[in-house]
Amino acid sequence: MIFSKSWFVFFSLIIALLLILSILFYQPRWLLSIIVKVSPGVYYFSETTDQIVAITIDDGLNTITTPKILDTLEENDTKATFFLISERIKSNESILKNMINNGHEIGNHMVKDEKSIFLSKEEFEEEFLTTDEILNQFLLDKSPKLNWFRPGGGWYNSRMLETVKKYSYQTALGSIFPYDTNIPSSEFASYHILANLRPGAIIVLHDSSRDGKSGDWGERTNITLKKILPEIKKRGYRTVTLSEMFLGG
């Protein structure tokens, strides 16, 4: 009897582990839909049947890797939404101008690579507005306008969303996150993205690296984009920016 109970517990744990791993890998939309209902005001994906997906890239700019990523996007006729850390713009101004002139969209990813949710209300608003001011200096009268915010670390609360909304921003996370900041493999990232491809998906990738100096994340992202973009097109999907997906341009 003890033996059978032990095996029951063991198999229950195995099943629970497999379920958790399945959720982590497939990131099911029913779960994201629950999150949206409990905490509305954040875009994770688009409720559409059109075969469109949005490519979003966080944590730039990087002197070495961002130009490579821009070249790969141009080679594949793809426009992306870049969520930029404003302290990384200095010395990379020409790259940012090139990004905007090539029709890519930029978004507010705060001043530093840190978890925004740990900032006080005052600190959050100050850093949010600092980045807004810096990015808008490069946009001038160009389109698309600065519409999008993504919190550092991906965590948010109602206080943050209220501040963002006050300044007419939309908050976006994503429905396909290939753990590219944790798993150093473009092979895994590519397989994960293509396995989870759905109409209205928002794909989250990363440029630069955690320290902002080396380019580990960006190098892998460039390789990943070279692999997935031709396949996405082959499957009949069109890549768009967040504003194209949700705001009509």
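Residues numbered from 1 in each chain as written. Predicted model: local features only at pLDDT ≥ 70, side-chain atom pairs only at ≥ 80, totals over all residues. Heavy atoms only, no water.

**Student:** With reference to specific residues and values, describe helix α6 (residues 158–166).
**Tutor:** What α6 keeps buried is the set Met160, Leu161, Thr163 and Val164. The buried residues of α6 occupy one face: seen down the axis, they fall within an arc of 160°. Facing away from the buried side of α6, by more than 90 degrees, are the exposed residues Ser158, Glu162, Lys165 and Lys166. Of the surrounding elements, those touching the buried residues of α6 are β1 (42–43), α5 (121–139), β5 (148–149) and β6 (170–172). (Buried < 20%, exposed > 50% of the residue type's maximum accessible area, 1.4 Å probe, protein only. Helix = DSSP H or I, 4+ residues; strand = E, 2+ residues; numbered from the N terminus. Arc of directions from axis to C-beta. Contact = heavy atoms within 4.5 Å.)

**Student:** Tell me what's going on with the environment of Asp216, and back it up with residues and numbers.
**Tutor:** Inspection of the secondary structure assignment puts Asp216 in helix α8 (residues 216–234). For Asp216, a relative accessible area of 46% gives the class partly exposed. Sequence-wise, Asp216 and His206 are 10 residues apart; in three dimensions their C-alpha atoms are separated by 9.5 Å. Look past the residues within four positions of Asp216 in its chain and what remains in contact with it is Ser208 and Ser209.

**Student:** Explain the layout of surface pockets to me, using residue names and the numbers behind them.
**Tutor:** Taken as a whole, the largest pocket spans an internal volume of roughly 1,000 Å³. Along the wall of the largest pocket there are 32 residues; nearest its centre are Gly153, Gly154, Trp155, Leu173 and Phe177. Broken down by secondary-structure element, the contributors of at least two residues to the lining of the largest pocket are α1 (2–26), α2 (29–38), β2 (52–60) and β7 (201–206). Sorting elements by how many residues they give to the lining of the largest pocket places α2 first, with 3 residues. For the lining of the largest pocket, the residue count by class is 15 nonpolar, 10 polar and 7 charged. Approximately 160 Å³ is the volume attributed to the second largest pocket. What lines the second largest pocket is simply Asn76, Asp77, Thr78, Leu229, Pro230, Ile232, Lys233, Tyr237, Arg238 and Thr239. (1 Å grid on protein atoms, 1.4 Å probe; cavity = no way out; pocket = protein on both sides within 12 Å on 5 of 7 lines; lining within 4 Å. Points joined across faces, edges and corners; volume = space filled by probe spheres on them. Nonpolar A, V, L, I, M, F, W, Y, C, P; charged D, E, K, R; others polar.)

**Student:** Which residues make up the side chain of Thr163, and what are the values?
**Tutor:** Summarising the element assignment, Thr163 is placed in helix α6. Since its relative accessible area comes to 4%, Thr163 is described here as buried. Ignoring anything within four residues of it in the chain, the contact list for Thr163 reads Phe124 and Glu125.

**Student:** How would you explain the nonpolar core if you had to name every residue and give the values?
**Tutor:** A general trend in soluble globular proteins is that nonpolar side chains are found buried together. If you look at the biggest cluster of nonpolar residues, it comprises 47 residues, and the most contacted ones within it are Phe82, Leu96, Ile106, Leu225 and Ile232. Ranked by the residues each element gives to this core, the list is headed by α5, at 5 residues. Apart from the residues lying within four places of it in its own chain, the contact partners of Leu225 are Ile55, Ile57, Ile69, Thr72, Leu73, Leu205 and Pro230. Grouped together as the second largest cluster of nonpolar side chains are 9 residues, Ile52, Ala54, Ile202 and Leu242 included. (Core = buried A, V, L, I, M, F, W, Y, C linked by side-chain atoms within 4.5 Å.)

**Student:** Please set out unusual backbone geometry residue by residue, giving values where relevant.
**Tutor:** Along the chain, Gly60 connects to Leu61 via a cis peptide bond; the corresponding omega equals 15°. Along the polypeptide, Leu61 turns up in the loop between β2 and α3 (65–75). Notably, Asp59 is not glycine yet its phi reads approximately 80°, a positive angle. Its identity is not glycine, yet Asp77 carries a phi of approximately 50°, on the positive side. Among the structural elements, Asp77 can be located in the loop between α3 and β3 (81–84).

**Student:** Would you mind going over the pairing of β2 in detail, with residue names and values included?
**Tutor:** Of all 9 residues in β2, 9 are buried, a share of seventy percent or more. Note: β2 against strand β8 (residues 238–240), 3 bridges, orientation parallel. Bridged to Ile52 within β8 is Arg238. Sheet analysis places β2 next to β3, joined by 4 bridges and oriented parallel. (Pairing = 2+ DSSP bridges.)

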